[in-house]
Amino acid sequence: MTRLASHPVSDATGAAAQLFSAIQGAVGKVPNAYRDIGSNSPVVLESVLALDASLKKTTLSARDIEVIKLAVSAVNGCDYCVAAHSLMGKMAGLPPDALAAVRQGQATGNAREDALAEFARHLVTTRGTVDAGVVEAVKAAGVSDAQIVDLTLAITAITLTNLFNRINDTVVDFPKVA
């Protein structure tokens, strides 16, 4: 049961109704997380959507983005985003064994994707200046400086929704994962 206000999409008015209509048209439904964010703050929902739209314009592939978002969601313990980004990762071409490995913080066998996931995990589980060796390791795996900067946007975007879903205990409307 959600902890914050949650209204049926059909009851939305104003900015929330416009955002919900756009989401419905783009993906065929309004996921519970977006519904619940928009029910409380259309401004935040608009920001979430803008972050994701910007992320699609970066140097990261859809597959890279899903690896990062899934790794961070697993570390943050967001069951909603783990389920959502497992599905999105599958749609981006990640095989089931790779998805399971990312969720569990293990190697997938793809050195570059493993470096992205490990770097993202490192950033969200540590404090202070990142050790130069950690940065050099992700670069050595073929991740460019631009991609490192773009990775920070992916982490920012997913952290916002992870935090919201953890507060709200958003009802998962994606296939659950083990």
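Residues numbered from 1 in each chain as written. Predicted model: local features only at pLDDT ≥ 70, side-chain atom pairs only at ≥ 80, totals over all residues. Heavy atoms only, no water.

Q: Outline the packing of aromatic side chains, listing residues and values.
A: Scanning the entire structure with this criterion turns up one aromatic pair. Centroid distance Tyr 80 to Phe 174: 5.6 Å. Interplanar angle 85°. Geometry classified as edge-to-face. With Tyr 80 in helix H5 (residues 79–91) and Phe 174 in the segment after helix H9 (145–168), this residue pair connects regions lying 94 residues apart in the sequence. There is no split in this pair, since Tyr 80 and Phe 174 are both buried. Across the ring face of Phe 174, the terminal group of Lys 29 is positioned such that the distance to the ring centre comes to 4.7 Å. (Phe/Tyr/Trp six-rings, centres within 6.5 Å; stacked < 30°, edge-to-face > 60°. Helix = DSSP H or I, 4+ residues; strand = E, 2+ residues; numbered from the N terminus. Buried < 20%, exposed > 50% of the residue type's maximum accessible area, 1.4 Å probe, protein only. Lys NZ or Arg CZ within 6 Å of the ring centre and 35° of its normal.)

Q: Got a sec to walk through the layout of surface pockets? Specific residues and values, please.
A: Of the volumes computed, that of the largest pocket is approximately 900 Å³. Contributing elements (two or more residues each) for the lining of the largest pocket: helix H1 (14–27), helix H2 (32–40), helix H3 (42–55), helix H4 (62–76), H5 and H9. Looking at the lining of the largest pocket, the element that brings in the most residues is H5, giving seven residues. Its residues assigned to classes, the lining of the largest pocket shows 24 nonpolar, three polar and five charged. (1 Å grid on protein atoms, 1.4 Å probe; cavity = no way out; pocket = protein on both sides within 12 Å on 5 of 7 lines; lining within 4 Å. Points joined across faces, edges and corners; volume = space filled by probe spheres on them. Nonpolar A, V, L, I, M, F, W, Y, C, P; charged D, E, K, R; others polar.)

Q: Let's hear about the UniProt feature "domain: Carboxymuconolactone decarboxylase-like" (unreviewed entry) in the chain: which residues, and what values?
A: Feature annotation in UniProt assigns "domain: Carboxymuconolactone decarboxylase-like" (unreviewed entry) to the following positions: residues 47–117. Along residues 47–117 the backbone is 75% helical and 0% strand, and the end-to-end C-alpha distance reaches 24 Å. (UniProt positions renumbered as here; feature names shortened; annotations may be inferred.)

Q: A description of unusual backbone geometry should follow, citing residues and the corresponding values.
A: One non-glycine residue, Asp 169, adopts positive backbone phi at about 55°. Mapped onto the fold, Asp 169 is located in the segment after H9.

Q: Provide a residue-level description of the packing of H2 against H3, including the pertinent values.
A: Contact geometry for H2 and H3: axes closest at 5 Å, N-to-C directions at 135°. The angle between H2 and H3 falls in the class oblique. Together, Tyr 34, Ile 37, Gly 38 and Asn 40 of H2 and Pro 42, Val 44, Leu 45, Val 48, Leu 49 and Asp 52 of H3 make up the contact between the two elements. Split by residue class, the contact of H2 with H3 holds seven nonpolar, two polar and one charged. (Axes fitted to C-alpha atoms, helices over the stretch in contact; angles between N-to-C directions. Parallel < 35°, antiparallel > 145°, perpendicular 65-115°, else oblique. Contact = heavy atoms within 4.5 Å.)

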